[in-house]
Amino acid sequence: MRPGRVILFLLLLAVLVGGGYLYLQVSQIAGGASPQTMLQMAQNPRELLGKDRIVVLIAGKDYNRDRRGIGYTKNARADTIMLVSLDLNTKAAAALSVPRDTFVTAPDGVSGKINATFVRGGVELLSQTLEQTLGVRPDYYVVLKDTAVKNIVDAVGGVWVETIDFMKYKDSWGGLNIDLPAGRQFINGEQAVGFVRFREVNRTAMNQYGRIVPLKNVTPSKEEGDLRRTARQQQLLRAIAVQATTPQNLLRLNEIANAGFNELQTNLTRPQMMALGLAVARSGLGSFNSVTLPGDGGYRYGAYYYDLELDKSRALAAWMLRGDEQAGNKLVSVMVYNASDVAGVARATSGMLERRGYSIQGFDTANQPQEQSVLIYKTAAIEAQARAIATFLGITEVQKDPEHPSSGDVVLLMGRDLGQAMLERASSQ
């Protein structure tokens, strides 16, 4: 997600309910408080929320269907799990998506998929499991009902989304009939449900004898899999935010906010949500980063599990949710080359970066010397940290090159311009 964009988390409710209610001067909330009183309460979100940075667990409640095809949520698992952090001082936000098939051992001693903890112990056990797994406990939670996507999208009048491939899937038992082409399109609430729930095209069907048989010559979709599903969920959040703030919807914020409130369970009070909403609506978010926990999926014991890269996942959670910059530095691997005529520059630079928490992939001598030092980073996800390294070292030339053959997320070529200065700097520390 691009920095500077006003991305509204809590499925839009923080801003729409907060800013919308306040700007429309709805006075029947929070015990009938006047708009002026509500505005004063929301002016200082820290007083209402108790800290400058908060972490909110967003869980989407899945639903089951009985033999008649009627949906119910009893014993439903968590369909979507996301941890969202907001720094009330900097207005920066971050979202960490947790694949629902993530393998965990929960505090109750049961091992299995993380979404099953919601069945056994509700949002409390899910929160405890996230804390035990990632080292970060949510301050608040928002649980969205199974009807949330349909009703909120319909409340804003539909949204624009873009798919990278076709999505076609029919499940009469599960009540799903997904039929979306590739490309940019305007979808309604029912289509939005399919947009976020699609996982794969039909590979089996019921024959005339009532038996499930495999289909032949099935064309897979690029939209298949949990990682693409998570990306679409995040895209829908942005789409709702954009559509809700169109001129025609600004006059309907009261109606949209009511629709949103009817679709959630939360331990945030309405004044607290208003405080969050006003903080975002007035200033905008300084930045918004969103990633999925790193790991690898596979089948065992007849079921699909997603196994986390635990050390990276914990470092990512500490960095994105708690603002621990040292933990963020550990996620960046750096390869350093001495491209100067001064011996020992690569080793000295590596030592300085290692003391700041960066993971040093190695250091070596470049094939040939060069005048200017250059920093090369490989993915947009680490651009901010790459530029922080450049600033720390005094490198002015920064390039993005995903195809660079050297190992490491960041590659440093320490040229003649910084060679001697880097040795002197390292020896003085």
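Conventions we followed
- Residue numbers here run from 1 along each chain, matching the order of that chain's written sequence.
- Reporting in this predicted model follows two pLDDT cut-offs: at least 70 for local features of residues, and 80 or more for side-chain atom pairs to be given and counted; totals over whole chains, interfaces and linings ignore these cut-offs and use all residues.
- Excluding hydrogens and water, the side-chain values take into account all heavy atoms of the structure.
- For the purposes of this entry, the term helix denotes a DSSP run of H or I that reaches at least four residues, the term strand denotes a run of E that reaches at least two, and both are numbered from the N terminus.
- Categorising residues by exposure relies on relative accessible area from a 1.4 Å probe, with only protein chains included: less than 20% of the type maximum marks a residue as buried, more than 50% marks it as exposed, and the intermediate range marks it as partly exposed.
- Here, residues are in contact when the closest pair of their heavy atoms is within 4.5 Å.
- Shrake-Rupley sampling with a 1.4 Å probe provides the accessible areas, and residues are treated as covered by the protein chains on show and by no other component.
- The axes used here are C-alpha line fits, helices contributing only the stretch in contact, and every angle between their N-to-C directions lies in the interval 0 to 180 degrees.
- Any angle that is under 35 degrees is reported as roughly parallel, and any over 145 degrees as roughly antiparallel; angles of 65 to 115 degrees are reported as roughly perpendicular and all others as oblique.
- Here a crossing is taken to be left-handed if its near helix is turned anticlockwise relative to the far helix by less than a right angle, and right-handed if that turn runs clockwise.
- Here a Phe, Tyr or Trp ring, Trp counted by its six-membered ring, pairs with any other such ring whose centre lies within 6.5 Å, and the pair is stacked when the planes are under 30 degrees apart, edge-to-face when over 60, and tilted otherwise.
- We call a charge positioned over a ring when the NZ of a Lys or the CZ of an Arg lies within 6 Å of the ring centre and within 35 degrees of the ring normal.
- To obtain the arc, one takes the directions from the helix axis to the C-beta atoms.
- Salt bridge, as used here: a side-chain nitrogen of Lys or Arg that lies within 4 Å of a carboxyl oxygen of Asp or Glu.
- In a helix, the anticipated span is given by 1.5 Å times the number of residues less one.
- At every residue, the bend is computed as the angle between two fitted axes, covering the seven residues ending there and the seven beginning there respectively.
- Strand pairing is assigned whenever DSSP identifies at least 2 bridges connecting the two strands.
- By convention, a crossover is right-handed whenever its connection, traced from the first strand over the helix to the second and viewed with the strands pointing away, goes clockwise.
- N or O atoms closer than or at 3.5 Å make up a polar contact, with two conditions inside protein: a donor-capable atom paired with an acceptor-capable one, and, for residues adjacent in sequence, both atoms drawn from side chains.
- The definition of a nonpolar core used throughout is a set of buried Ala, Val, Leu, Ile, Met, Phe, Trp, Tyr and Cys residues joined through side-chain atoms within 4.5 Å.

K.L.:
Hey, could you go over the overall build of the protein for me, with residue numbers and the actual values?
P.N.:
Secondary structure summary: the protein contains 15 helices and 23 strands in total. The 429 residues of the protein split such that 49% are buried. Within the protein, counting contacts between residues at least 6 apart in sequence, those at least 24 apart form 69% of the total. Per element, the accessible surface of the protein, about 20,600 Å² overall, is 48% carbon and sulfur.

K.L.:
Quick rundown of the packing of helix H5 (residues 148–155) against helix H6 (residues 189–197)? Include the residues and the values.
P.N.:
Closest axis-to-axis distance for the H5/H6 pair is 7 Å, and the angle between their directions is 135 degrees. It follows from the interaxial angle that H5 and H6 lie oblique. For the element pair H5 and H6, the recorded crossing hand is right-handed. Of H6, the residues touching H5 (which contributes Val 149, Lys 150, Val 153 and Asp 154) are Gly 189, Glu 190, Ala 192, Val 193 and Val 196.

K.L.:
For the packing of aromatic side chains, give the residues involved together with the corresponding values.
P.N.:
A full pass over the atoms with the stated rule returns 3 aromatic pairs. Consider the rings of Tyr 299 and Tyr 304, whose centres lie 5.4 Å apart with planes at 70 degrees: the pair is edge-to-face. Under the relative-accessibility criterion, Tyr 304 is labelled partly exposed at 26%. Across the ring face of Phe 195, the terminal group of Arg 232 is positioned such that the distance to the ring centre comes to 6.0 Å.

K.L.:
Just give me the short version of H5, but keep the residues and values in it.
P.N.:
Turning to H5, its buried residues are Ala 148, Ile 152, Val 153 and Ala 155. Viewed along the axis of H5, the buried residues span an arc of 160 degrees, placing them on a single side of the element. Positive phi appears at Gly 157, one or two residues downstream of H5, with a value of about 90 degrees.

K.L.:
Break down the pattern of salt bridges for me, with residues and values.
P.N.:
Tallied over the entire structure, the rule returns 18 salt bridges. The partner of Glu 383 in a salt bridge is Arg 387, with the nearest N and O atoms 3.0 Å apart. Of the two residues, Glu 383 and Arg 387 both sit in helix H14 (residues 383–393), 4 residues apart, roughly one turn of that helix. Given the relative accessible area of 39%, Arg 387 is considered partly exposed. When salt bridges with common partners are traced through the structure, they connect Asp 101, Lys 113 and Arg 199 into a single cluster.

K.L.:
Account for helix H4 (residues 117–134), naming residues and giving values.
P.N.:
Here H4 is 18 residues long, yet its end C-alpha atoms lie only 15 Å apart, well below the 26 Å a rise of 1.5 Å per residue gives. A bend of about 100 degrees at Val 123 is the largest found in H4. For H4, the set of buried residues is Thr 117, Phe 118, Val 123, Leu 125, Leu 126, Ser 127, Thr 129, Leu 130, Thr 133 and Leu 134. Two residues or fewer past H4, Gly 135 is found with a positive phi of approximately 80 degrees.

K.L.:
Outline the pairing of strand E20 (residues 359–365), listing residues and values.
P.N.:
The sheet contact formed by strand E19 (residues 333–338) and E20 spans 6 bridges and is parallel. Counterpart to Val 334 in the pairing with E20 is Ile 360. Remark: the E19/helix H13 (residues 345–355)/E20 crossover connection has right-handed handedness.

K.L.:
Explain unusual backbone geometry to me, using residue names and the numbers behind them.
P.N.:
A positive phi angle, close to 55 degrees, is found at Asn 217, a residue other than glycine. Position of Asn 217 among the secondary structure elements: in the loop between strand E14 (212–214) and helix H7 (226–244). One non-glycine residue, Tyr 301, lies in the positive phi region at around 55 degrees. The residue Tyr 301 is located in the loop between strand E17 (295–300) and strand E18 (303–308) in this model.

K.L.:
Please provide a residue-by-residue account of the environment of Glu 124, values included.
P.N.:
For Glu 124, the location among the structural elements is in helix H4. Given the relative accessible area of 40%, Glu 124 is considered partly exposed. Spatially, the C-alpha atom of Glu 124 lies 9.2 Å from that of Tyr 141, the residues being 17 residues apart in sequence. A distance of 2.9 Å separates polar atoms of two side chains, one belonging to Glu 124 and the other to Gln 128.

K.L.:
Describe the pairing of E17, naming the residues involved and giving the relevant values.
P.N.:
The sheet contact formed by E17 and E18 spans 6 bridges and is antiparallel. Residue pairing in the sheet places Gly 298 in a bridge with Tyr 305 of E18. Between E17 and E18, which pair antiparallel in sequence order, lie 2 residues; one of them, Tyr 301, sits at a positive phi of approximately 55 degrees.

K.L.:
Describe in detail the sheet that holds E20, supporting the description with residues and values.
P.N.:
Spatially, E20-E19-E23-E21-E22 is the arrangement adopted by the 5 strands of the open sheet, whose pairing is mixed. Of all the strands in the sheet, the pair left with one neighbour each is E20 and strand E22 (397–400). Sheet twist, expressed as the mean angle between neighbouring strand axes with direction ignored, is 15 degrees. The strands that H13 touches are E19, E20 and strand E23 (410–414); relative to E20, the one it contacts most, it runs at about 170 degrees.

K.L.:
Requested: an account of the nonpolar core, with residues and values cited.
P.N.:
By size, the foremost hydrophobic cluster in this structure holds 43 residues, and its most contacted members are Val 159, Phe 195 and Leu 236. Counting residues per element, this core draws most heavily on H7, which supplies 5 residues. The next biggest cluster of nonpolar side chains, apart from the first, holds 27 residues, and it includes Ala 59, Leu 83, Trp 319 and Leu 321.

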